[in-house]
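Listed below are the residues making up each chain.
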Amino acid sequence: FFTAKVNLSNQSSSTQSDWSVNWQYSYRPLLVASNAKITLNGASVTATPTTSNKAVKAQSTVSFTLTGTTKSGKAPSVTGLTGNLGGKSCTATAQ
């Protein structure tokens, strides 16, 4: 199993809605998310908000947690981590 926490930051001076985070894994894992809806297309992943965290207040962060597993038992590598908030690129980080 592997676990990751992903943060999306709203650095603007106003509340923003309709966020997404996209990334690619080196191979497709099985994922369960807390605080986000996950869509897999091969090894490409998109996370979008749940109804409870659709809006991100000014100067704040929304976070979600992923728990996954793979056939090999090892965490896949991640590339192309990008965030979008209110139709604009924003900072997304993973731990």
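Description of the structure in this document. Keep in mind it's a predicted model, so treat the numbers as computed, not measured.

The next subject is the nonpolar core. Core analysis: the biggest nonpolar cluster contains 17 residues, and Leu8, Trp19, Val21, Trp23, Tyr25, Ala47 and Phe64 have the highest contact counts within it. At the level of elements, strand E1 (2-10), strand E3 (19-25), strand E6 (44-48) and strand E8 (60-69) are the ones that each hand at least two residues to this core.

With that settled, the discussion passes to the packing of aromatic side chains. Under the criterion given, the structure shown has four aromatic pairs. Aromatic pair Trp23 and Tyr25: ring centres 6.1 Å apart, planes at 90°, arrangement edge-to-face. Across the pair, exposure class does not vary: Trp23 and Tyr25 are buried alike. Here the aromatic cluster, defined as three or more aromatic residues joined through ring pairs, consists of Phe2, Trp19, Trp23, Tyr25 and Phe64.

Ordered in space as E5-E6-E3-E9-E10, the five strands form an open sheet in which the pairing is antiparallel. Because the sheet does not close on itself, it has two edges, and the strands there are strand E5 (37-41) and strand E10 (88-90). For this sheet, the mean inter-axis angle between neighbouring strands, taken without regard to orientation, is 25°. Note: E5 against E6, five bridges, orientation antiparallel. Across the sheet, the residue bridging to Leu40 is Val45, located in E6.

What follows deals with the sheet that holds strand E11 (residues 92-94). Read from one edge of the open sheet, four strands run E4-E8-E1-E11, paired in antiparallel fashion. At either end of the open sheet lies a strand with only one pairing partner, and these are strand E4 (30-34) and E11. Ignoring which end each strand starts from, the neighbouring axes of this sheet average 25° apart. The pairing of E4 with E8 spans five bridges and is antiparallel. Across the sheet, residue Leu30 finds its bridge partner in E8, namely Thr69.

This part takes up the side chain of Asn53. By the secondary structure assignment, Asn53 is in the loop between E6 and strand E7 (55-56). One polar contact links the side chain of Asn53 to the main-chain carbonyl oxygen of Asn35, over a distance of 2.7 Å. Setting aside its immediate chain neighbours within four residues, Asn53 contacts Trp19, Asn35 and Val62.

Attention now moves to the environment of Cys90. Tracing the backbone shows Cys90 in strand E10. The spacing of Cys90 and Phe2 is 88 residues in sequence and 25 Å in space, taken between C-alpha atoms. If we ignore the near neighbours within four places in the chain, the residues touching Cys90 are Leu8, Ser9, Gly83, Asn84 and Leu85.

Conventions used here
- Residues numbered from 1 in each chain as written.
- Predicted model: local features only at pLDDT ≥ 70, side-chain atom pairs only at ≥ 80, totals over all residues.
- Heavy atoms only, no water.
- Core = buried A, V, L, I, M, F, W, Y, C linked by side-chain atoms within 4.5 Å.
- Buried < 20%, exposed > 50% of the residue type's maximum accessible area, 1.4 Å probe, protein only.
- Helix = DSSP H or I, 4+ residues; strand = E, 2+ residues; numbered from the N terminus.
- Phe/Tyr/Trp six-rings, centres within 6.5 Å; stacked < 30°, edge-to-face > 60°.
- Pairing = 2+ DSSP bridges.
- Axes fitted to C-alpha atoms, helices over the stretch in contact; angles between N-to-C directions.
- Polar contact = N/O pair within 3.5 Å; in protein donor to acceptor, adjacent residues only side chain to side chain.
- Contact = heavy atoms within 4.5 Å.

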